Amino acid sequence: MIFCIREMKHKIKWMVTIVLVLLGTQMVLSQENPNIILIYADDIGYGDIGCYGGEAIPTPNINKLAEEGMRFTAGYATASTCTPSRYSILTGQYPFRNYRAKQEKVLPGNAPLIIDPAQPTLPAMLKGVGYTTGLVGKWHLGLGSPKNPLDWNTFITPGPNEVGFDYSYHMAATNDRVPSVYIENGYIENLDSNDPVQVSYKKPIGNDPTGLSHPELLKTQTNIQHSGTIVNGVGRIGWMSGGKSARWKDENMGDIYLNKVVNFIEKNKKKPFFLFYASHENHVPRIPHPRFKGSTSLGVRGDVVVQLDWNVGQIVKSLKENGLYENTIIVFTSDNGPAVYDGYYDGAYEKNGDHQPTGPYRGGKYSAWEGGCRVPFIVSGPNNIQKGVSDAIISQADLLASFADLTGGKISDDFEIDSQNLINLLTGKSNKGREHVVLQGVGIKSIRKGAWKYIPPGKVRSKGSIDEMIFDYIGNEGALFFLPEDPSETNNLASKYPQKAKELSLLLNAELSEK
Ligand code: NG6
Ligand code: CA
């Protein structure tokens, strides 16, 4: 009997010790895991940012992130348009493996969600290891299910909260598409139930003036695509009716998102958090808050980048005030390359002067040239990231596997994942990046392998001009460039090195045909 009691006490002591050790490990783990803020700018080019050689727009706060962390010179968005790139940065999968993202186009504001709620995502993976996850800003990955037409006036689902976000405050698509309202955790903010929202991308609805019927009401004239419903004096793509009390004012959109970001940081400072801050700057319509107007000689296009840079500074300030800066990883990158004219006659084209938004790279938004996908890519975080510059190849799709490794997160292998674990590159411990990366331009995909870039025969969107799509044509043998000597892809070496062109062409086809 005595022996039994003693043995039981002994067992209990051991069990208590094991439980304490486990709890301890859990606490240490959760304390050690850094917060992660992913700042995903819209249409910001390589050459728009000071630390990438841009001189026309002052970006001191973004430059500071680069000084304090790693600056990647060969960081790529997976596509040169928004929806497919956003799909990849969140799911770690190339967009062409997804039935909607592979259409290369951008989704309308009433499209259904294109991420399968069962598939791995960056927020869901981090949530699995105890992170609180939030989205603030642009979504553009669809809402609702393909089977049921979306009712904007009730709970809007599935959406960000069904693919891993605990909190979401966002616009449905882009700042130039209806519905021009904010959605918070599935509900339109400030919606008056007596004035329901309806949205159409097929035909005008409601009695609101449109850009077509009332161009005199517009702050800025637009192309035909942007001449749908006028909201806040701005012509949009698509038509909406109702929701008058919920409609946004473009002038304070930057401040509204920044407030949500800072609130999220303060509310969640006790536990690791992941925040996807998808800014609308500098997507059209470019409407800065009046305090940023005239900050650059480039007109509104430069001014909204200054606004974004200021927001980045405020986020860093908030992290410092809350004692979180040291243990927070900040990633700054852009969803695709830049466009100077993009549907609004806002003066950006005329005022651009000799500014090169893509830096040395050819093409821009929509393009399979380097300027379409090669974007600013900065990672900082004093406790976790070393200081440096790297020219290794990294794709935005790689964040998923890399952060899974860093945090102990799990990724199910039921889905094909293109994400590569490059955590040592991201943190500056190694300079080994990807061997190759596929780049999805509109209508054509290209591939980079090591120093070489290959574009198959076809037509590639060139740098835009006002209201005219300009294409470059690649002949039958394809186009091959040696990037270290020819970063602007002007000297086609396909006929000089046919074997190399063939190798890259086969590799590209193999990637595209993988299931
Ligand atoms: C294009 C629009 C552009 C923008 C883009 C999506 C024109 C000339 N272009 O069709 O304004 O809305 O779609 O941009 O009208 S993205 O960054 O979300 O991919
Ligand atoms: Ca974009």
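That block above? That's the structure.
Residues numbered from 1 in each chain as written. Chains lettered and ligands numbered in written order. Predicted model: local features only at pLDDT ≥ 70, side-chain atom pairs only at ≥ 80, totals over all residues. Heavy atoms only, no water.

Asks: Hey, could you run me through helix H5 (residues 253–267) in this one?
Replies: Because each turn of an α-helix spans 3.6 residues, side chains separated by three or four positions in sequence point in the same direction. Compared with an ideal rise of 1.5 Å per residue, which puts 15 residues at 21 Å, H5 spans 21 Å between its outermost C-alpha atoms and is within 8% of the ideal. Burial in H5 covers these residues: Met-253, Gly-254, Tyr-257, Leu-258, Lys-260, Val-261, Val-262, Phe-264 and Ile-265. Tucked into the core, H5 has its buried residues touching strand E1 (35–41), strand E4 (132–138), strand E5 (167–171), strand E6 (182–184), strand E12 (273–278) and helix H6 (300–321). (Helix = DSSP H or I, 4+ residues; strand = E, 2+ residues; numbered from the N terminus. Expected span 1.5 Å × (residues − 1). Buried < 20%, exposed > 50% of the residue type's maximum accessible area, 1.4 Å probe, protein only. Contact = heavy atoms within 4.5 Å.)

Asks: When you look at the coordination of the calcium ion (ligand 2) in this model, what are you seeing that I'm missing?
Replies: Tetrahedral coordination by four donors places them ideally at 109.5 degrees to one another around the metal; octahedral coordination by six donors ideally gives 90 or 180 degrees. Protein coordination of the calcium ion (ligand 2) is provided by Asp-42 (OD), Asp-43 (OD), Asp-335 (OD), Asp-335 (OD) and Asn-336 (OD1), with donor distances spanning 2.2 to 2.7 Å. Seen from the calcium ion (ligand 2), its 6 donor atoms lie at angles of 52 to 173°, and the figure they make is irregular. Sequence positions of the residues that donate to the calcium ion (ligand 2) give the spacing D-D-x291-D-N. On the criterion of sequence distance, the pair formed by Asp-43 in the loop between E1 and helix H2 (60–67) and Asp-335 in the loop between strand E13 (328–334) and helix H7 (348–351) is long-range, its members being 292 residues apart. On the basis of relative accessibility, which here comes to 1%, the residue Asp-43 falls in the buried class. (Donors = N, O, S within 2.8 Å, 3.2 Å for Na, K, Ca; no water. Tetrahedral: all angles 85-135°; square planar, octahedral: opposite > 155°, others 65-115°.)

Asks: Looking at this model, I keep getting lost on the packing of aromatic side chains. Mind explaining?
Replies: Aromatic ring pairs are reported here in terms of the distance separating the ring centres and the angle at which the planes meet. Enumeration over the complete set of coordinates arrives at 20 aromatic pairs. A centroid spacing of 5.7 Å and a plane angle of 80° characterise the contact between Phe-72 and Phe-377, whose relative ring orientation is edge-to-face. Placement of Phe-72 in strand E2 (residues 69–72) and of Phe-377 in strand E14 (residues 377–380) is noted, with a sequence separation of 305 residues between them. For Phe-72, a relative accessible area of 0% translates into the label buried. Ring pairs connect the aromatic residues Tyr-40, Trp-139, Phe-165, Phe-274 and Phe-276, which therefore count as one cluster. (Phe/Tyr/Trp six-rings, centres within 6.5 Å; stacked < 30°, edge-to-face > 60°.)

Asks: Honestly, the site of ligand 1 in this entry has me stumped. Any pointers?
Replies: Residues in contact with ligand 1 amount to 22 residues; listed here are only the nearest, Asp-176, Arg-177, Gln-225, Asp-342 and Lys-365. Contact between ligand 1 and His-140: an oxygen atom at 3.4 Å from a side-chain N or O atom of the residue. The protein chains hide 89% of the 460 Å² of surface that ligand 1 would expose on its own. Looking at side-chain class alone, the shell around ligand 1 contains 5 nonpolar, 9 polar and 8 charged residues. (Near = heavy atom within 4 Å. Polar contact = N/O pair within 3.5 Å; in protein donor to acceptor, adjacent residues only side chain to side chain. Areas by Shrake-Rupley, 256 points an atom, 1.4 Å probe, with all protein chains shown as cover. Nonpolar A, V, L, I, M, F, W, Y, C, P; charged D, E, K, R; others polar.)

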